Amino acid sequence: MYFKKKEKTLNNPKCNAKKIVIAFLAILMLVTSITPLLAQEETVPINIVIDAGHGGSVEQNLEKKQAVGAEYEGLKEKELNLKVANYLKEELDNYNLNVFMTRTDDSYCLTLKERAQLAQKYNATIIVSLHMNACDNHNANGSEVYIPNSSKFYPSMNQLGSTILSNLSQLGLKNKESNIEYYQDGSAKDYYGIIRESYMLNVPAIIVEHAYLDNYNDRENYLRTDDQLKELAHADAQALVSYYNLSKKIIMPKMHIETQKKGMISLLKEIVSTFIE
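What you see is a predicted model; the values in this text were computed from it and never measured.

## Concerning the sheet that holds strand 6 (residues 144–146)
Within the open sheet, the five strands sit side by side as 4-1-5-9-6. Their pairing is mixed. Bordering the open sheet on either side are strand 4 (98–101) and strand 6, each of which pairs with just one other strand. Averaged over neighbouring strand pairs, the angle between their axes works out to 20 degrees when direction is ignored. Looking at chain direction, strand 5 (residues 126–133) and strand 9 (residues 205–212) are connected through six bridges and run parallel. Within strand 9, the residue paired with Asn133 across the bridge is Tyr212. Sheet contacts for helix 7 (residues 193–200): strand 1 (47–52), strand 5, strand 6 and strand 9; angle to strand 9, the most-contacted strand, approximately 170 degrees.

Spelled out as structure tokens, the structure:
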């Protein structure tokens, strides 16, 4: 009687069709659930290198024939640059990309070429060099963004630079422009070393001069407190998020991800096994 009953079940078209539908839906649900977890672990969409401009002692910079950075009314550009860089990294770390820093403290001095080489080492999608400004006459104010002039990088970096300036202007900062020189082949020359050195290594670079240290309005409204510096970093971060269309990370412990994957795979095997029997 038992064998006859089993044979009857196997030959029942309605029963088999039902099993097929259930198995198909279960497999589809499993694949849909596990794919985002696998993709998040294996995909590396963007590598952004944050360069906190200047850094190191006066002696170190003199040895390498570099500017130590602006200083005015108790504020040092190199320190402000590093704070904004850290705030920027902190915010970008919430998104699906890799973030690297050219420096994490003020103990050493990097040349512009060394900064570009670090960007190349990290396989950078872009290097963003963060600065504050000052002028001899102390009569300027506002934000400036410098981008590569070469046709290879200009269109994309112009779009990103415009977004950064737009975000900074929403904080109340004035936008400014800069002059252009030319390479020997006639193309517009990148005046600033970090852009030029990065270009030679096939890495696009952008300089953000957030505000003027020696302008009272810029200094007191945008550079004096940590909260003000966080706003600058947020403006930079959201421009990068928008330009690269970044999505936020799914925060999940690695062990939990592995457990979920193993559980889904075991369930999938069980479904397939049941279907075959």
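## Some details on the side chain of Arg115
Relative to the elements of secondary structure, Arg115 occurs in helix 5 (residues 112–121). According to the relative accessible area criterion, Arg115 is buried, its value standing at 3%. Excluding residues within four positions of it along the chain, Arg115 makes contact with Asp51, Ala52, Gly53, His54, Thr102, Leu110, Ile127 and Ile194.

## Examining the packing of helix 4 (residues 77–92) against helix 9 (residues 226–243)
It is the contact of helix 4 with helix 9, at a shortest axis distance of 8 Å, that shows an interaxial angle of 50 degrees. Looking at the two axes, helix 4 sits oblique to helix 9. Helix 4 and helix 9 meet at a crossing whose hand is right-handed. On the side of helix 4, the interface is formed by Leu80, Lys83, Val84, Tyr87, Leu88, Glu91 and Leu92, while helix 9 contributes Asp226, Leu229, Lys230, Ala233, His234, Asp236, Ala237, Gln238, Leu240 and Val241. In terms of residue class, the contact of helix 4 with helix 9 is made up of ten nonpolar, two polar and five charged.

## Things to note about the packing of helix 8 (residues 216–223) against helix 9
Contact geometry for helix 8 and helix 9: axes closest at 7 Å, N-to-C directions at 90 degrees. Classified by the angle their axes make, helix 8 and helix 9 are roughly perpendicular. Taken together, the residues of helix 9 that come into contact with helix 8 (itself represented by Arg219, Glu220, Asn221, Tyr222 and Leu223) are Gln228, Leu229 and Leu232. In terms of residue class, the contact of helix 8 with helix 9 is made up of four nonpolar, two polar and two charged.

## Brief notes about the side chain of His210
The topology assignment puts His210 in strand 9. Residue classification places His210 among the buried residues on the basis of a relative accessible area of 0%. At 3.0 Å, the side chain of His210 and the backbone oxygen of His131 are in polar contact.

## Quick word on the pattern of salt bridges
Within this structure, the stated rule accounts for eight salt bridges. Asp51 is the partner of Arg115 in a salt bridge, and the nearest nitrogen-oxygen pair spans 2.6 Å. Separated by 64 residues along the polypeptide, Arg115 in helix 5 and Asp51 in strand 1 bring together distant segments of the chain. Asp226 is the salt-bridge partner of Lys83, the closest N and O atoms lying 2.9 Å from each other. On the criterion of sequence distance, the pair formed by Lys83 in helix 4 and Asp226 in helix 9 is long-range, its members being 143 residues apart. Assessed through its relative accessible area of 37%, Lys83 is described here as partly exposed.

Conventions used here
- Residues numbered from 1 in each chain as written.
- Predicted model: local features only at pLDDT ≥ 70, side-chain atom pairs only at ≥ 80, totals over all residues.
- Heavy atoms only, no water.
- Pairing = 2+ DSSP bridges.
- Helix = DSSP H or I, 4+ residues; strand = E, 2+ residues; numbered from the N terminus.
- Axes fitted to C-alpha atoms, helices over the stretch in contact; angles between N-to-C directions.
- Contact = heavy atoms within 4.5 Å.
- Buried < 20%, exposed > 50% of the residue type's maximum accessible area, 1.4 Å probe, protein only.
- Parallel < 35°, antiparallel > 145°, perpendicular 65-115°, else oblique.
- Left-handed = near helix turned anticlockwise from the far one by under 90°.
- Nonpolar A, V, L, I, M, F, W, Y, C, P; charged D, E, K, R; others polar.
- Polar contact = N/O pair within 3.5 Å; in protein donor to acceptor, adjacent residues only side chain to side chain.
- Salt bridge = Lys/Arg side-chain N within 4 Å of Asp/Glu carboxyl O.

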